[in-house]
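Coordinates in review
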Amino acid sequence: QVQLVESGGGLVQAGGSLRLSCAASGRTFGTYAMGWFRQAPGKEREFVGVISRSGGSTDYADSLKGRFTISRDNAKNTVYLQMNSLKPEDTAVYYCAATTYSSYGAGADYYNYWGQGTQVTVSS
């Protein structure tokens, strides 16, 4: 079992930055990859990015490359999502997710544990 709790969401002006955190508990943190997803009102959940178990490999949605960065601190059982140059269209609920499966990717089906989400609102 893995429990995930996101934090760090809030209201920010366009062009600003936010860093989201996701604290994990339960299974040993370094044994599973972590992903970030987001869901805007009226839209489907969207892949943001993923980081490998060690943190040595990351992958992002093409549209977010260069603005969003995922990192993890396995000693603190925490994964981070650094968001820069935020735009109003980045407004969404952001979710972290864990996969204890052997493979991972952009599809939500890869992930078997989810946090409750944190709201990010970007004003114009």
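Conventions used here
- Residues numbered from 1 in each chain as written.
- Predicted model: local features only at pLDDT ≥ 70, side-chain atom pairs only at ≥ 80, totals over all residues.
- Heavy atoms only, no water.
- Core = buried A, V, L, I, M, F, W, Y, C linked by side-chain atoms within 4.5 Å.
- Buried < 20%, exposed > 50% of the residue type's maximum accessible area, 1.4 Å probe, protein only.
- Helix = DSSP H or I, 4+ residues; strand = E, 2+ residues; numbered from the N terminus.
- Contact = heavy atoms within 4.5 Å.
- Disulfide = S-S within 2.5 Å.

To continue, consider the nonpolar core. In this structure, L4, M34, W36, L81, M83 and Y94 are the most contacted members of the largest nonpolar core, which totals 36 residues. Among the secondary structure elements, those contributing two or more residues to this core are β1 (2-7), β3 (18-26), β4 (33-39), β5 (46-51), β7 (68-73), β8 (78-83), β9 (92-99) and β11 (118-123). Ranked by residues supplied to this core, first place goes to β9 with 5 residues. Setting aside anything within four residues of it in sequence, one finds M34 in contact with L4, C22, F29, G49, V50, I51, R72, V79, C96, A97, A98 and Y111.

With that settled, the discussion passes to the environment of S124. On the secondary structure map, S124 appears in the segment after β11. The spatial distance from the C-alpha of S124 to the C-alpha of S52 is 34 Å, given a sequence separation of 72 residues.

Our focus in this paragraph is the state of the cysteines. Tallied over the full model, the rule gives 1 disulfide. The disulfide bridge from C22 ends at C96, spanning 2.0 Å between sulfur atoms. What sets the handedness of the C22 and C96 disulfide is the S-S torsion sign, and at about 55° it is right-handed. Of this pair, C22 sits in strand β3 while C96 sits in strand β9, and the two are 74 residues apart along the sequence. Residue classification places C22 among the buried residues on the basis of a relative accessible area of 0%.

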